[in-house]
Amino acid sequence: MPRELLKGNEAMAEAAIRVGLEAYFGYPITPQTEILEWMSRRMPELGRVFVQAESELGAVNMVYGAACTGARVMSSSSSPGVSLMMEGLSYIAGTELPVVLIDIMRGGPGLGNIAPSQGDYNQMVHGGGHGDYHPIVLAPATVQEAVDLTVEAFDLAEKYRNLVFVVADGNVGQIMEPAELPAMREVKRATPEWALTGAEGRERRFLSSIYIDPVYEEVTNKRLQERWLEIQQNEVRYREYYLEDADLVVIGFGTAGRIALTAVRAARAEGIRAGLLRPVALSPYPYAAIDELAKRASAFLVVEMNAGQMLEDVQRAVAGRVPVDFYGRMGGMVPFPDEILDEIRRVAREPRAQADPRVAWLKRLEKVLPH
Amino acid sequence: MQTEIIIAGFGGQGVLFAGELLAYAGMDAGRVVTWIPSYGPEMRGGTANCTVIIADEEIGSPLVRNPQAVIAMNLPSLEKYEPLVRPGGVLAVNASMANRTAVRTDITSVGLPANEMAESLGNRRLTNMIMLGALLARLPVLSLESIEQAMAAHLPERHRKLLPDNYKALRQGAAAVS
């Protein structure tokens, strides 16, 4: 397929359609509404299902029901809308259904604003819904990655009968970049052996997240955990930039990751041996790659558009061997590369160990924020 | 190597489209490009801007604090972006909508009455093309021909009758500052 200049939100929607999305259920919310708009036009013209539900609660439960039939289904929303979906997502996890959800995160907490944010890292990566379950979480930084990961999301969801979240922000949603879409595929109606397709002529099947007898709930939980171990083995994804000889390792995902790339290049031009690790899957997380880097780097700097949520995963991997510093912007603010370059220079100058780098970070932030 | 261009003005002045054209022309020339708009509530009637980056390698940040070039379509955009242009950079000002010229001496600045020039071409909506022509006359990142080719290649069929006037506007903008 030729490369086209594509807007992130529309590219993700079209990519899902081309790899056989059968039904989309959603509710509009900025900054992801272009996904729903695209679906509302394209799905009916292809004879597929589009429903604008009465709310995100309706949408997630429609997704739940449709997924039970083995159909390729998805929804998309933004932070407050995803919060509303959490109950349904836990039910979907408990019923072991393949479902894809795109979350174009925005400034929060609360109603917040529509600006780009990564404030929902913990909600998406470490749960959000109740119970022991692990979604696969993919975090594109470019339009091409948004396309490719949307395609992969369906394959992963179906391979593992698991929730897959694609998380980005308004920058990824609104940016236009040259990208290549997948070729249009026929909808191939999958009929997995668990799908509810009408029991005529065969044994009745049953899908539920209710296990009244805890004995059977524990059996289900064990199966979920074993599947998660397998996912951890197979599905770690990250990108490396200038890490071969890096002494100072910057870690950031999505938009913060690509902004950090500009800063790392500028630091290299000044002779600072900086490199960047950009996690592409946030769940499973690249703990092993960070563990390896901690053996040879002398400092880490985590950059996020939140108050240091992924920071704790990096700290877990580094396990106190070298200092892990932090820089973040919150509430919908996006750092410029020069802010991150200043942080790289500071850490290169004095890579001090701090128990909680956020204490000093909040103090430094005072100089940036309006009074 | 990368060139960053911010195009800023009121909604309706065609700033997003002018940026898209740059991005298309860059892509067609085999360069790496990004185009990103401001997408806040200001989109509904107030100011609008977009940042275009044209590069030779994977683009990191799609946003920059200090762009190499700015098109200021009105006074608020001039006030906001003149101080931010990188030293040695280029600033093109729509003098029809700003009651002052640029004051910095460490950048190349040009001013032209783009509204009146567009009106004399018979279509006020050509203001953006006049300003784009003026910028490219001073910023050798893409040729006027490449912008014309991008317009011909990517403009929807129903707008193709506007191509000759758009070409003319680009050329007149460039001529006005050369």
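Residues numbered from 1 in each chain as written. Chains lettered and ligands numbered in written order. Predicted model: local features only at pLDDT ≥ 70, side-chain atom pairs only at ≥ 80, totals over all residues. Heavy atoms only, no water.

Draft legend 1. Unusual backbone geometry, seen in detail. Residue and element names in this part refer to chain A. Backbone torsion omega between Thr30 and Pro31 reads 5°, so that peptide bond is classified as cis. Inspection of the secondary structure assignment puts Pro31 in the loop between strand S2 (23-26) and helix H2 (33-45). The omega angle of the peptide bond from Gly108 to Pro109 is 5°, so this bond is cis rather than trans. Mapped onto the elements of the fold, Pro109 is located in the loop between strand S5 (99-105) and helix H5 (121-125). In this structure, Glu96 takes a positive phi of about 60° despite not being glycine. Along the chain, Glu96 falls in the loop between helix H4 (79-95) and S5. Here Arg161, not a glycine, exhibits a phi torsion of approximately 45°, which is positive. Along the chain, Arg161 falls in the loop between helix H6 (143-160) and strand S7 (163-169). (Helix = DSSP H or I, 4+ residues; strand = E, 2+ residues; numbered from the N terminus.)

Draft legend 2. How the structure looks around the environment of Gln315(A). Residue and element names in this part refer to chain A. Its place among the elements puts Gln315 in helix H11 (residues 311-318). A relative accessible area of 23% means that Gln315 is categorised as partly exposed. C-alpha separation for the pair Gln315 and Gln354, spaced 39 residues apart in sequence, amounts to 11 Å. Here Gln315 is in contact with Gly320, Val324, Ala355 and Pro357, once residues within four sequence places are set aside. (Buried < 20%, exposed > 50% of the residue type's maximum accessible area, 1.4 Å probe, protein only. Contact = heavy atoms within 4.5 Å.)

Draft legend 3. Region of interest: the packing of aromatic side chains. Residues and elements named next belong to chain A. If you walk through the whole model with that rule in mind, you get 5 aromatic pairs over all chains. Relative to Phe50, the ring of Tyr24 lies with its centre 5.8 Å away and its plane at 0°, an arrangement referred to as stacked. Of the two residues, Tyr24 sits in strand S2 while Phe50 sits in strand S3 (residues 49-52), which places them 26 residues apart along the sequence. Summarising the aromatic geometry, the rings of Phe326 and Trp361 are spaced 4.9 Å apart at their centres and angled 80° between planes, so their arrangement reads as edge-to-face. Of the two residues, Phe326 is situated in strand S14 (residues 324-328) and Trp361 in helix H13 (residues 357-366); the sequence distance between them amounts to 35 residues. The exposure classification of Phe326 matches that of Trp361, with both residues buried. For the cation-ring pair, Arg41 lies above Trp38, with the distance from its terminal atom to the ring centre recorded as 4.9 Å. (Phe/Tyr/Trp six-rings, centres within 6.5 Å; stacked < 30°, edge-to-face > 60°. Lys NZ or Arg CZ within 6 Å of the ring centre and 35° of its normal.)

Draft legend 4. Layout of the side chain of Gln118(A). Residues and elements named next belong to chain A. Tracing the backbone shows Gln118 in the loop between S5 and H5. From its side chain, Gln118 meets the backbone oxygen of Phe253 in a polar contact 2.8 Å long. Beyond its immediate chain neighbours, meaning those up to four positions away, Gln118 contacts Met105, Asp169, Phe253, Gly254, Thr255, Ala256, Glu304, Met305 and Asn306. (Polar contact = N/O pair within 3.5 Å; in protein donor to acceptor, adjacent residues only side chain to side chain.)

Draft legend 5. Quick look at the nonpolar core. Ranked by internal contacts, the top residues of the largest apolar core, which has 82 residues, are Phe300(A), Val314(A) and Ile344(A). Among the elements that make up this core, the one with the highest residue count is helix H9 (residues 254-269) of chain A (7 residues). Counting only domains with at least three residues in this core, you end up with domain 1 (3-234) and domain 2 (238-366) of chain A. The residues contacting Ile344(A), other than those within four sequence positions of it, are Leu248(A), Val250(A), Ala263(A), Val264(A), Ala267(A), Ile272(A), Ala274(A) and Leu301(A). In terms of nonpolar packing, the next biggest core, distinct from the first, is built from 50 residues, Trp35(B), Cys50(B), Val90(B) and Leu155(B) among them. (Core = buried A, V, L, I, M, F, W, Y, C linked by side-chain atoms within 4.5 Å. Domains from an automatic or database assignment.)

Draft legend 6. Fine view of the domain arrangement of chain A. Residues and elements named next belong to chain A. In terms of domains, chain A is made up of domain 1 (3-234) and domain 2 (238-366). Summarising the inter-unit geometry, the C-alpha centres of domain 1 and domain 2 are found 29 Å apart. On the side of domain 2, 24 residues touch domain 1, which itself brings 33 residues to the contact. Approximately 2100 Å² of surface area, both sides summed, lies buried where domain 1 meets domain 2, with 50% of it carried by carbon and sulfur atoms. Its largest share of buried area at the contact with domain 2, domain 1 owes to Gln118, Tyr121 and Ala141, together 33% of the area lost on that side. (Buried area = accessible area lost by both parts, 1.4 Å probe.)

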